[in-house]
Each structure stands twice: as structure tokens, then as C-alpha cells.
Amino acid sequence: MTEQIHYGACNLCEAICGLEFHVGDGRIKAIRGDQRDPLSRGHICPKAVALQDLHEDPDRLRRPQKRVGGQWHEVGWDEALDEVADRLAAVARAHGGNAVAGYLGNPSVHNWGIMTHSGALFGPLKTRSRYSATSVDQLPHQLVSYWLYGHQLLVAVPDIDRSQFILMLGANPMASNGSLWTVPDFRKRLKAMQARGGKLVLIDPRRTETAEVADEHHFIRPGADAALLLALLQLLFAEQRVKPGRLADFTDGLEEAGRLVAPFTPERAAAVSGIAADDIRRLARELAAAPAGAVYGRMGVSTQAHGTLCQWAIVMLNIVTGNLDREGGMMFAHPAMDLIKGPGSKPGHYDAWRSRVRGLPEFGGELPVAALAEEILTPGAGQIRALLTIAGNPVLSTPNGRRLEQALGTLEFMVAIDCYRNETTRFADFILPPTGSLEHDHYDLIFHHFAMRNTAKYSPPLFPKPPGTLHDWEIFAALGRRLRQRLRPHAGKPLLRRWQAQLRDALLARLTPQRLLDQALRRGPYGKRSPLRLSLNKLRAAPHGIDLGPLRAALPRRLHTKGRRIAALNDALRAELRRYDGALAEQQARAPREGELWLIGRRHVRSNNSWMHNAQRLVKGKPRHQLFMHPDDLAGRGLADGQTVRIASRVGELDVEVQATPDIMRGVVSLPHGWGHARPGVQARIAREHAGQSVNDLTDERELDRLSGNAALNGLSVRVAAAGPSRAAHDEVANNEQGARA
Ligand SMILES: Nc1nc2c(c(=O)[nH]1)N[C@H]1C(S)=C(S)[C@@H](COP(=O)(O)OP(=O)(O)OC[C@H]3O[C@@H](n4cnc5c(=O)[nH]c(N)nc54)[C@H](O)[C@@H]3O)O[C@H]1N2
Ligand SMILES: Nc1nc2c(c(=O)[nH]1)N[C@H]1C(S)=C(S)[C@@H](COP(=O)(O)OP(=O)(O)OC[C@H]3O[C@@H](n4cnc5c(=O)[nH]c(N)nc54)[C@H](O)[C@@H]3O)O[C@H]1N2
Ligand code: SF4
Ligand SMILES: [Mo]
């Protein structure tokens, strides 16, 4: 038997690790890290090996599925695509385009065909009812980047290989492998920084895997980060430590920002965060003194009540310390296929329209997904009647999943483009499964924008496309073509415009991701105008990837604002700062409610959102979906480690096993998301044996970051009691909430 070695990259998370596949007899024999990958340098995590399990999983769908009543049938592609197009077009014709909604889940940003061809599908639908996982994730980052730098993708990342100080909030790269920060092998890079005398300070309500390797860790009361960050800013201004350096030449509003943060003293921050005022002072001074440092915050400070304010304050801290765009500070990547400067660049827009029921602002053409259920359930013009989900599982991943389930049950029509019959797609009338990730090629379109080093890599498919299957982008193109025929989106326009539009559509339909990549590479910063002359062929000839060097200065050139200036403030931010002053005063005055706990989430390196629990090698061993709780909080309620407890919020309650741990702050409990596979109709044999409960049956669709509409998944008020038959705990919370709102 001859064994062959193929090279590629992992597309499961944002780290884009280089992989080495050992293949023999048409099967994978081993998956290892590619030592010669210039970005990941051999690093992988246990999920990479599970790519084989996904590939071979008998539960993974390979043919279109049609549901008739409670029964699923395999059907042919033409039949499925024709009927899906008929049904979607019928809803759009009868009720308008907005009656057809779309939801794009997380793997769509890891699948380049979905990125290049989603326009082919959504173009003819002309719907404003667009949702994605963005609004349960990084929306505040994008909004702040759009406001300050003029482009939603201009997100700076810690230049860890040259840094001396990182202040990190609400991120756990030891488990997540980095987010909005492509940093494969975080641990090794951190160790190198520490060996240079550098320091990592972590702020997190849980003593996480990252806290274990940090130099300093502070517990923080969930949701109190804005107070802490604004106090750090206040101190830098008050102690005259503001030194933006060259950034001052192209930044507007710094002085005014100094005035607006003046009320946020360390004493106020200490009162709500649990971090001592003296520690806050010391942190501000250390940050200011570091020769090169970075402030970085992720999920824990995005998916909370003040997500946008937190991300704004983080950017401002990096600006006033002169660390933005400085080596060893927070820097911007220059990817080979550049979605910021390239053609078709989408800088973003905000509040150009609002959601119908609650009036939540759109961002970049998408509405907050916390509003999806009510938009389906509330009658009236524009009510959503059909839904298209792509690579997503919003029942498990968006707040109040039970209400969304209820809503999905009322739809006239639903179609899912997904490889599994999961907690969401089981509601669909059709599931259209794409090829698996080893059956198509890959180029990471998104995460090179957030990488701590500039590299480029093309991964050819490991296995040929099986006969009778379609890639995601082919499904998009085929469905888009059928929708255009049925909806004739250019009808009514003047003849010339119609021809132009039809020509453009026809060209688009013929473009493959490969051609788009090749063109973008040639036109891009390392293309025909540079000595590298990068093209798809050049990438094909370099199976380990091409190193494009460390991050380099980008400002003000790369800014997308008028006059290439950073706008530190706008009216929305000014108003938010004033409002937060009041909110903080209220919070300081409010006595803690008896028995109240704050719920946060967590991630584990062997799990990936909701969809990798069907791999035996990832779920084996002791369960990882217990509720973490401090021993004192358990004792105070007469509860014991390992028992089943009932946890209740305004929207629901569930019973879970509790695990006592001193590694969580008192008053805080933690439950990971993405579990809850016992729901009927889910086809995932192994995942069902490790079902767990869905934390999003507790999270609240009303709890949002006000500015962005991002879900406040962390810092939710809950109660925990012994599990019993009664629903008393739930009713009590519901009553309290009503009282608080009345
Ligand atoms: N409480 C709480 N909730 C959270 C979070 C949290 O921290 N706490 N995290 C949030 C975050 S950051 C995110 S990103 C979301 C994720 O939420 P979602 O994106 O809604 O859900 P996933 O679990 O990523 O589900 C991905 C689906 O895509 C399918 N899939 C995988 N690869 C492909 C592919 O190549 N093509 C297609 N068509 N389908 C594919 C899988 O089968 C799976 O069904 O969850 C969010 N929800
Ligand atoms: N293994 C694995 N890797 C993943 C994923 C996965 O599911 N599994 N998902 C991927 C995705 S989609 C994403 S978006 C990234 C997320 O990547 P990260 O943001 O790095 O990962 P999280 O584990 O969500 O880290 C959030 C941290 O915030 C803390 N936290 C909660 N509330 C607060 C708060 O109010 N304040 C502060 N300061 N901290 C708080 C939590 O305790 C947690 O440690 O990970 C990606 N990588
Ligand atoms: S860290 Fe793990 S899941 Fe993420 S890209 Fe690397 S191997 Fe894949
Ligand atoms: Mo995410």
C-alpha cells in the first residue's frame, strides 16, 4: 500500500492551521500539523483530526432531503431545486421579498464558495430580512470599525510576536484558538512573549485555560467591562498619559473623548466590577508604560449589554497609548485577496432601516437575529413566511431558542443548505447538503484579514467530488438561476439597464470561486504590480502556503473614512456614553437581588459551536456540558457538586448537572452553548448520546447591546435551585422581571 501526503488548511476555526493528510487506499490514515505552514508552523488542535470523522460520518447528509409530514425522503437535485425555487418565489410574489428571510451561520465565513456566491442566491430575492451569526458574535467590532475607520473589516489584532504587554478581556484563545485574531499556536507565541519579559493580563469571570498561562488574572463581574475600560481611559487622560504619537495627525475627537470619559472613575468601576481601584490604576500605568502593548477583547465583551461601548473603549485605549498600528501593538493585516481595498468592498452601513416589530437597526444589510422569531410570529405586512438557512443552527445558537423553534413551526416554507439534520434544519421542508470540506478546495477569504502574520494558502480538495453532489456555491448558483427565472428581478427597469443587469447576472453565474480568487490575487497587493506576482497558479505551486511577512504599518493609508481620518466619536457614541453614565449610577445604587446569579458561556477545545458533537473522539471522556458554579454558591443553596440543578431565567428553565469549581467567580455560573441534541428529529447518533442542554433556552432575546442589537448572551440574570417537579423558580424570576419592568 502506498501512502500519499497531501497538504491543506483546516477551515473549522479562525486559526487556519496547515494540515498534512496521509492518505492510502482512498482513506485518511492520519492528519498532522504541517510544520512548513508559515502561519501555523505545525500547530493543530484535536478538532483537525475530527475532519476525518465529519468526512466519514454516516449521519452526514449527501443527497437532497424532502420532508413530507414527519417523513424524510431522498430526492434528486433537479426536483429539489425546482420545488425550492417555486416555493420561495411563490412566497416572495404573494407577500413581497421581505417575507423570505435568510440566516447565514458561522461555517459560511469559513467556506469561500459561500462567501463568493451568496450574492448569486440573495440577489434575486431582494429581501431585507437577512440575519446571520454576526449578531450573536462580533457585530460590535464591525460597527466600531465602520464608525472609526470607515470599514467593517478593518479590525486590528495584537501583534503578539513583537508585543510586550497584552491586556485581554473576555477571550479564551487557549480554547478558541483565537477569534478576530488568527493566531495559531497562541501558547507558543505567548511563551515567547513572556520569555522577552512581556506580560499577559486577563480579565474574565472564570479562571480559564488562558488564565492558567497568563501572568495576571482578574475576575470581573459579567457585564462590568465597560466601566473598567472607561476608567482606564479616564485615568490615562487624567494622569496626562495620553500619547497617541503619529495617530494624532489623523485622529479627530480625542480631546472631546477625554471630556466624555471624565465621569468614569476607577472607584465607580471598582464598585460594579469587583476589581480594586488600585489595581485599575496600576493597570492603566502599566499599559501606558509598555513599549509596545495591545488591548484586545472578544466574545465576553462583545456579547454583553455594553458590547459596542466595550469595543469602542478598547480601540480608544489602543489609540491614546499610541499602540494602534505600531509594531507589537494592535496592527492591521494586508491579505493577498483584499476585501477592504479590492473591488466589491463592503464598508458597511448602519440604521439605514429597522426591524419591523422592535425597530432594531440593520448593520451592513443584516438585522439582529434576536428579532428573527418575532418577525416570523408577528402578523402584518412584511411578516416572514419563508426561511432559508445556510450553515447555521439558530435554534441552539441564538437567544430564546425555544421561541424560535415555535416560530419555525409556523413557517409556510423552509429550506436549509446544511450537511446535517440538526435542531434547526429538522424544521425545513428541504435540506440541500453540500459537499464536505475535504471534497472541495479552500482559500480563506475572511480570516487573513485578522491574522497576526500575512500569509496565503490554497488548499486543493483532498478527495474528488462524489458523483451526484454539489458544492455550496453550485447550489447557490443553481438556486439563484431558478429564482431569477421565476422572479425576474430586473423587470420594470429601462431596457438598457435590464440588459446590463442580465449580462452581469449571467457573468456572475459563470464565475467560479477559483476565477474570482485568481483575479483578486493578480489585482491585489502582492499581484501583478509587486515582485511576487501572486496568482492562483503561484499558490498551487506552494502547497505549504506563502509567507508574506509580519504585519506592517497601514495607517492612515488603509482608512476608509473621508479624508482618511479616524473619527473617535459620533453622535451615537456620545449619546451612549452619557446614557452609560446614568446606567452605571443606577447599577451602583441597586442592591443585589436575593439569590441572583450571572450566567456566562464557555468554549472547549474539543467542541465547535453546535455541530461537532457527533465525532466520537471529540465527545469521549467525561461530559463537558455541566453548569460550573462556585462551591460557596452551591453551599449557600444547600446544593451538592454533581447533583442535577434547575436553572431559570425570564424565558425558560432547564435541568443540568452542576460541577463545583473555585475557578469561577462567586455569583457567576457558566454553561457552554451548542448542546441540547435530545430534541426530536435530530439525526446525529453520537451527539444524541451526549445531548446536554441548550444554554440558549435560557438566554433572552430582549437582552441586547443597545447600539448594535448584538445579543447579550453573557451576564444574564438567572436563579439556580435543586431540580424538582415544580416550576416555582421560573415563575419567581418571571414575576421579578415583570416587577422590574413595571
Ligand atoms: N449562549 C451562547 N450562544 C452562542 C455563543 C455563545 O458563546 N454563547 N456563540 C455564538 C457564536 S460566536 C456563533 S459563531 C454562533 C454559531 O451559530 P450558528 O452558526 O448558527 O451554528 P453552528 O453551530 O456553527 O452550526 C453550523 C451548521 O453549519 C453546518 N455546516 C458546517 N459546515 C458547512 C458547510 O461547509 N456548508 C454548509 N452549508 N453547512 C455547513 C453544520 O452542519 C451546522 O449545522 O453561536 C452563537 N451562539
Ligand atoms: N474549540 C472551539 N474553538 C472555537 C469555537 C468553539 O466553539 N470551540 N468557536 C469559534 C467561534 S465561532 C468564536 S466566535 C470564537 C470565540 O473565541 P473567544 O472569544 O476567545 O472564546 P470564548 O470561549 O467565547 O471566550 C469568551 C470569554 O469571555 C468570558 N466572559 C463571559 N462574560 C464576560 C464578561 O462579562 N466580561 C469578561 N471580561 N469576560 C467574560 C468567558 O468566561 C470566556 O472565557 O471561538 C472560535 N473557536
Ligand atoms: S485550531 Fe484546530 S480547529 Fe482551529 S484551524 Fe487549527 S486545527 Fe482547525
Ligand atoms: Mo463565532
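Check the entry above for the structure.
Residues numbered from 1 in each chain as written. Chains lettered and ligands numbered in written order. Predicted model: local features only at pLDDT ≥ 70, side-chain atom pairs only at ≥ 80, totals over all residues. Heavy atoms only, no water.

(A) Structural context of the overall build of the chain. When helices and strands are counted, the chain shows 25 helices and 30 strands. Computed over the C-alpha atoms, the radius of gyration of the chain is 25 Å, within 12% of the 27 Å expected from 2.2 N^0.38 for a compact globule of 742 residues. For the C-alpha atoms alone, the extent of the chain along its principal axes is close to 70 × 65 × 65 Å. Taken across its 742 residues, the chain has 62% of its residues classed as buried. (Helix = DSSP H or I, 4+ residues; strand = E, 2+ residues; numbered from the N terminus. Rg over C-alpha atoms; globule rule 2.2 N^0.38 Å. Buried < 20%, exposed > 50% of the residue type's maximum accessible area, 1.4 Å probe, protein only.)

(B) A positive patch on the surface, seen in detail. Residues R523, K528, R529, R533 and K538 make up a contiguous surface patch of positive charge. Mapped onto the secondary structure, K528 falls in the loop between α19 (513–523) and α20 (536–540). (Patch = residues over 30% accessible without salt bridge, like charges linked within 9 Å, V, L, I, M, F, W, Y side chains within 5 Å. Areas by Shrake-Rupley, 256 points an atom, 1.4 Å probe, with all protein chains shown as cover. Salt bridge = Lys/Arg side-chain N within 4 Å of Asp/Glu carboxyl O. Lys, Arg positive; Asp, Glu negative; His and termini not counted. Charge placed at Lys NZ, Arg CZ, Asp CG, Glu CD.)

(C) Quick look at empty space enclosed by the protein. One pass over the structure, following the stated rule, counts 7 cavities of 30 Å³ or more. Taken as a whole, the second largest cavity holds about 90 Å³ of empty space. Looking at the second largest cavity, the residues that line it are C10, L12, C13, A15, I16, C17, C45, K47, A48 and N177. Its residues assigned to classes, the lining of the second largest cavity shows 8 nonpolar, 1 polar and 1 charged. (1 Å grid on protein atoms, 1.4 Å probe; cavity = no way out; pocket = protein on both sides within 12 Å on 5 of 7 lines; lining within 4 Å. Points joined across faces, edges and corners; volume = space filled by probe spheres on them. Nonpolar A, V, L, I, M, F, W, Y, C, P; charged D, E, K, R; others polar.)

(D) Structural detail: the site of ligand 2. Neighbouring ligand 2 are 30 residues; S176, D204, D225, R603 and S607 lie closest to it. Here a nitrogen atom of ligand 2 and a backbone polar atom of H604 are 2.8 Å apart. Relative to its unbound accessible area of 910 Å², ligand 2 is 97% covered by the protein chains. At 3 residues, the largest contribution of residues to the shell around ligand 2 is made by helix α12 (residues 299–302). Taken together, the residues that form the shell around ligand 2 break down as 10 nonpolar, 14 polar and 6 charged. Taken domain by domain, the makeup of the shell around ligand 2 includes at least three residues from each of domain 1 (139–333 + 561–574) and domain 2 (590–738). (Near = heavy atom within 4 Å. Polar contact = N/O pair within 3.5 Å; in protein donor to acceptor, adjacent residues only side chain to side chain. Domains from an automatic or database assignment.)

(E) Fine view of the packing of helix α4 (residues 139–149) against helix α13 (residues 307–320). In the contact formed by α4 and α13, the axes pass within 9 Å of each other and the chain directions differ by 50°. Taken as axis vectors, α4 and α13 run oblique relative to one another. You can see that α4 and α13 cross each other, and the crossing is right-handed. When α4 is examined against α13, the residues P140, H141, L143, V144, W147, L148 and Y149 are found in contact with a partner set consisting of G307, T308, Q311, W312, V315 and M316. Residues belonging to the contact of α4 with α13 are distributed by class as follows: 9 nonpolar, 4 polar and no charged. (Axes fitted to C-alpha atoms, helices over the stretch in contact; angles between N-to-C directions. Parallel < 35°, antiparallel > 145°, perpendicular 65-115°, else oblique. Left-handed = near helix turned anticlockwise from the far one by under 90°. Contact = heavy atoms within 4.5 Å.)

(F) Just the side chain of S610, in detail. Note on placement: S610 falls in the loop between β25 (597–600) and α22 (616–619). In this structure the side chain of S610 is engaged in a polar contact, spanning 2.9 Å, whose partner is the side chain of N393. In this structure, S610 is in contact with N393, L396, G674 and H677, ignoring residues within four places of it in sequence.

(G) Region of the structure containing the site of ligand 3. The environment of ligand 3 is made up of C10, L12, C13, A15, I16, C17, I44, C45, K47, A48 and N177. Most atoms of ligand 3, that is more than half of them, are within 2 Å of grid points of the second largest cavity. Looking at the shell around ligand 3, its residues break down into 9 nonpolar, 1 polar and 1 charged. (Sits in = over half its atoms within 2 Å of the grid points.)

(H) Local environment of the side chain of T561. When you line up the elements, T561 lands in the loop between β23 (546–550) and β24 (566–567). A distance of 2.4 Å separates a polar atom in the side chain of T561 from the backbone oxygen of R565. Leave out the neighbours within four places in its chain, and T561 touches L148, Y149, G150 and I566.

(I) Main features of the packing of aromatic side chains. By the definition in use, this model includes 9 aromatic pairs. Each ring, one from Y149 and one from F332, has its centre 5.3 Å from the other, and the planes form 85°; the classification is edge-to-face. One end of the pair, Y149, is in helix α4; the other, F332, is in the loop between β14 (330–331) and β15 (350–354), and 183 residues separate them in sequence. In this pair, the class of Y149 matches that of F332, namely buried. Ring plane angle 35° and centroid distance 5.8 Å describe the contact between F264 and Y580, whose orientation is recorded as tilted. Of the two residues, F264 sits in the loop between α9 (254–260) and α10 (266–273) while Y580 sits in helix α21 (residues 571–589), which places them 316 residues apart along the sequence. Y580 carries the same exposure label as F264, and that label is buried. The positively charged end of R130 is found above the aromatic ring belonging to F122, 4.1 Å away from the centroid. A cation sits over an aromatic face here: R221 above W598, 4.2 Å from the ring centre. (Phe/Tyr/Trp six-rings, centres within 6.5 Å; stacked < 30°, edge-to-face > 60°. Lys NZ or Arg CZ within 6 Å of the ring centre and 35° of its normal.)

(J) Looking closely at the nonpolar core. Core analysis: the biggest nonpolar cluster contains 116 residues, and L148, W181, F186, L230, W312, L324 and Y443 have the highest contact counts within it. Not counting residues up to four positions away in its chain, the partners in contact with Y443 are W112, A336, M337, H448, A456, K457, Y458, L517, L521 and L539. Counting residues in hydrophobic clusters, the runner-up holds 33 residues, among them V100, L125, I417 and L432. (Core = buried A, V, L, I, M, F, W, Y, C linked by side-chain atoms within 4.5 Å.)

(K) Structural view of the packing of helix α8 (residues 225–238) against α10. Where α8 meets α10, the axes come as close as 8 Å, and the angle between the chain directions of the two elements is 165°. If you check the angle between α8 and α10, you find them roughly antiparallel. Between α8 and α10 the crossing geometry is left-handed. Between α8 and α10, the contacting residues are A227, L228, A231, Q234 and L235 on the first element and P266, A269 and V272 on the second. The residue inventory of the contact of α8 with α10, partitioned by class, reads 7 nonpolar, 1 polar and no charged.

(L) Representation of the sheet that holds strand β30 (residues 716–722). Strand order in the closed barrel made by the 6 strands is β25-β29-β26-β28-β27-β30, with mixed pairing throughout. Direction aside, the axes of adjacent strands within the sheet are offset by 45° on average. Relative to β30, β25 is paired through 3 bridges, and the arrangement is antiparallel. Along β30, the bridge assignment pairs L597 with V718. (Pairing = 2+ DSSP bridges.)

(M) Representation of the sheet that holds strand β7 (residues 130–132) in the model. The mixed open sheet is built from 7 strands, whose spatial order is β5-β4-β19-β18-β17-β6-β7. With one partner strand each, in any of the chains shown, β5 (71–74) and β7 form the two edges of the open sheet. Taken pair by pair, the neighbouring strands of this sheet meet at an average axis angle of 20°, ignoring direction. Here strand β17 (residues 386–390) pairs with strand β18 (residues 413–417) via 5 bridges, running parallel. Bridged to T389 within β18 is A416. Against the sheet, helix α17 (residues 472–487) engages β17, β18 and β19 (430–432), with an angle of about 145° to β18.

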